[in-house]
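Coordinate inspection notes
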Amino acid sequence: MERSGAQSYVYAKASGILARSFIGHRASSLFAPRSLAELWSLVLKTEVPAVPEMLLAKQLEEEAGANFISEYKRLLDMYDKPDEVAILLLRYFDYSNLKSLGAAAAMGQAERPSLRNIAPYNILNYDAWPSIKKITAFSPLSWYDKEPEISEQQFLDAKIDRQFVSDLWNAAERLGVFERESVEKLILKKYAMQNVAWTLRLKVFYKMSPDEILEHIMFLDSSKKKDDLLAHDAIEILEKNPEHYEDWAGWKYAKFLNAHEEGSIWTIDPGWVEDAARKELFAESNRLFHSQPFTPVVLVSWFFMKLNELNNIRAAVEALRLNVEAESAMEAAGIR
């Protein structure tokens, strides 16, 4: 389809999908079902398989993920030549799959783990399992060329994440000036705050020093300067005391802080900050989706909103599987 026609169709189709999605105010309805079978019917609207509950939970998550990918591929397929950044977003699942494959290889697992299928957009040769080297050959991830040791997994997973964000950013920079600004804004809002949230968790829960935390932060530039677009918000809080509200009162993201009462003991809540940031990312994605139709921004913002839905579905599945109360599960998922 020629580009202007494809853009019009994609915006209309993507709008219809979002209207039926479990995002925004509709996300809470995921936590109403009292059983996995009810949740399956709500989310997938197909016959519930007659399998044990553990398998049903796994199957539900896999089907929800497959539906997300299928919907996104149908939108991509409307273009004769989709924007590179839109394809890179889909390859998020390739990068994630490689982490699963690495974990399975490290454990000496003979059977290939369950993967997200994004064919024909995949860059990895999954048929080459169990050879990691052959799976990644001729791809941007070819540096991952051996079965890892268990002790290497965390480092390699972090390197995969850093490369995905870097590749996504580079693809965004090749867009036209108008589209690039909005797409880059969304990418920074998502991953800069992810850096901040990770930094807070390492400070509060793991008591890591600033130097230790620096090793876990994502940078856009390999020079790792303090003003790095992706890292500087996280670097800025390395020396802040998580138990001194005064240190945070003038912070750029002070509106994301958990409540503070004068004279009471206070500690910053990483989960609260992360939830607030996730809501703002959703609101910004939704705003840009509707304010910039017929541009590459539509697919980027749509992808981020639907990824949020997938996380909500996963949280609802886990809540039922572990018998967690709906209200607690929603709070844990950032649906307050």
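Residues numbered from 1 in each chain as written. Predicted model: local features only at pLDDT ≥ 70, side-chain atom pairs only at ≥ 80, totals over all residues. Heavy atoms only, no water.

1. Thoughts on the overall build of the chain
We count it as follows: Only DSSP runs of H or I reaching four residues or more are called helices, and only runs of E reaching two or more are called strands; each is numbered from the N terminus. Only the C-alpha atoms count toward the radius of gyration. The rule for a globule is 2.2 Å times the residue count to the power 0.38. Exposure is judged per residue with a 1.4 Å probe applied to protein chains only, and the accessible area is read against the type maximum: over 50% gives exposed, under 20% gives buried, and values in between give partly exposed.
A count of helical and extended segments in the chain gives 14 helices and zero strands. Ordering the α and β elements of the chain from the N terminus gives α-α-α-α-α-α-α-α-α-α-α-α-α-α. On C-alpha atoms alone, the chain measures out to a radius of gyration of 21 Å, which is about the 20 Å that the 2.2 N^0.38 rule sets for 336 residues. With respect to the three principal axes, the spread of C-alpha positions in the chain is 60 × 50 × 50 Å. Taken over 336 residues, the chain has a buried fraction of 47%.

2. As for the side chain of D94
Spelled out, the test is: Under the counting rule used here, the positive set is Lys and Arg, the negative set is Asp and Glu, and His together with the chain ends is not counted. For this document, the term salt bridge refers to a Lys or Arg side-chain nitrogen within 4 Å of an Asp or Glu carboxyl oxygen. We call two residues in contact whenever any of their non-hydrogen atoms come within 4.5 Å of each other.
Residue position: D94 is located in helix 5 (residues 92-106). Buried charged residue D94 carries no salt bridge. Nearest counter-charge: R91, at 4.9 Å. Ignoring sequence-local partners within four residues, the contact set of D94 consists of I118, Y121, N122, I123, L124 and Y126.

3. Brief notes about the confidence of the model for the chain
Rules: The predictor attaches a confidence to each residue, called pLDDT, with possible values from 0 through 100.
In the predicted model, the chain carries a mean pLDDT of 94, and 99% of its residues have values of at least 70. Considering each helix and strand of the chain separately, the mean pLDDT is smallest for helix 14 (residues 326-332), with a value of 82, and largest for helix 6 (residues 132-136), with 98.

4. What to know about a negative patch on the surface
Rules: Patches were defined on residues exceeding 30% relative accessible area and lacking a salt bridge, with like-charge contacts within 9 Å and nonpolar side-chain contacts (Val, Leu, Ile, Met, Phe, Trp, Tyr) within 5 Å. Note that accessible areas follow from Shrake-Rupley with a 1.4 Å probe, and for residues the cover is restricted to the protein chains shown. Throughout, a charge is located at the NZ atom of Lys, the CZ atom of Arg, the CG atom of Asp or the CD atom of Glu.
On the surface, D211, E212, E215 and E239 cluster together into a patch of negative charge. Position of D211 among the secondary structure elements: in helix 9 (residues 210-214). For D211, a relative accessible area of 59% puts it in the exposed group.

5. With respect to unusual backbone geometry
The step from A119 to P120 runs through a cis peptide bond, and the omega angle for that step is 10 degrees. Put simply, W129 and P130 share a cis peptide bond, and its omega is 15 degrees. Within the chain, K224 stands out as a residue other than glycine whose phi angle is a positive 55 degrees. With respect to the helices, strands and loops of the structure, K224 is situated in the loop between helix 9 and helix 10 (232-236).

6. Quick word on the packing of aromatic side chains
What characterises a pair of aromatic rings is the spacing of the ring centres plus the angle enclosed by the ring planes. So the rule is basically this: When the centres of two rings from Phe, Tyr and Trp lie within 6.5 Å, Trp using its six-membered ring, the rings pair. Their planes under 30 degrees apart give stacked, over 60 give edge-to-face, and anything left gives tilted.
For the structure on display, the rule yields 18 aromatic pairs. Between F68 and F303 the ring centres are 5.2 Å apart and the planes differ by 45 degrees, which places this aromatic pair in the tilted class. One end of the pair, F68, is in helix 3 (residues 53-76); the other, F303, is in helix 13 (residues 297-321), and 235 residues separate them in sequence. F68 sits in the buried class, given a relative accessible area of 2%. Judged by relative accessible area, which is 1%, F303 ranks as buried.

7. Points about helix 13
How we decide: How far a helix is expected to stretch is found by multiplying one less than its residue total by 1.5 Å.
For helix 13, with 25 residues, the first-to-last C-alpha span of 36 Å sits near the 36 Å given by 1.5 Å per residue. The buried fraction of helix 13 amounts to 20 of the 25 residues, a majority that puts the element mostly inside the structure. Of the residues flanking the end of helix 13, it is N323, one or two places downstream, whose phi is positive at about 60 degrees.

8. Section: the environment of E239
For E239, the position within the fold is in the loop between helix 10 and helix 11 (245-248). Apart from the residues within four sequence positions on either side, E239 is in contact with K203 and P210.

9. Remarks on helix 12 (residues 270-291)
When the terminal C-alpha atoms of helix 12 are compared, their 31 Å separation across 22 residues agrees well with the 32 Å that a helix rising 1.5 Å per residue should span. Of all the positions in helix 12, only P270, G271, V273, D275, A276, A277, L281, F282, E284, S285, L288 and F289 are classed as buried. Against helix 1 (3-19), helix 8 (177-204), helix 13 and helix 14 lie the buried residues of helix 12.

10. Focus on a positive patch on the surface
A contiguous patch of positive charge on the surface is contributed by K13, R20, K45 and R74. Following the sequence through the fold, K45 ends up in the loop between helix 2 (36-44) and helix 3. According to the relative accessible area criterion, K45 is exposed, its value standing at 63%.

11. What to know about the nonpolar core
Using the following cut-off: Nine residue types can take part in a nonpolar core, namely buried Ala, Val, Leu, Ile, Met, Phe, Trp, Tyr and Cys, and a core is a set of them joined through side-chain atoms within 4.5 Å.
Within the largest apolar cluster, 89 residues are counted, with the highest numbers of intra-cluster contacts made by F31, Y72, F93, Y191 and W302. In terms of residue count, the dominant contributor to this core is helix 13 (15 residues). Residues contacting Y72, with those up to four places away along its chain left out, are A86, L89, L90, L299, W302 and F303. Membership of the second largest hydrophobic core comes to 23 residues, among which are I235, W248, F256 and A277.

12. With respect to the packing of helix 2 against helix 13
As a reminder of what qualifies: Geometry is summarised by axes, namely lines fitted to C-alpha atoms with helices restricted to the contacting stretch, and by angles between N-to-C directions that run from 0 to 180 degrees. We call two directions roughly parallel when the angle between them is under 35 degrees, roughly antiparallel when it is over 145, roughly perpendicular when it lies between 65 and 115, and oblique otherwise. By definition, turning the near helix anticlockwise from the far helix through less than a right angle yields a left-handed crossing, and turning it clockwise yields a right-handed one.
Relative orientation of the contacting elements helix 2 and helix 13 amounts to 160 degrees, with a least axis distance of 10 Å. The pairing of helix 2 with helix 13 is recorded here as roughly antiparallel in orientation. As for how helix 2 packs across helix 13, the hand of that crossing is right-handed. Facing helix 2, whose interface residues are L36, L39 and V43, helix 13 presents I313, A316, V317 and L320.

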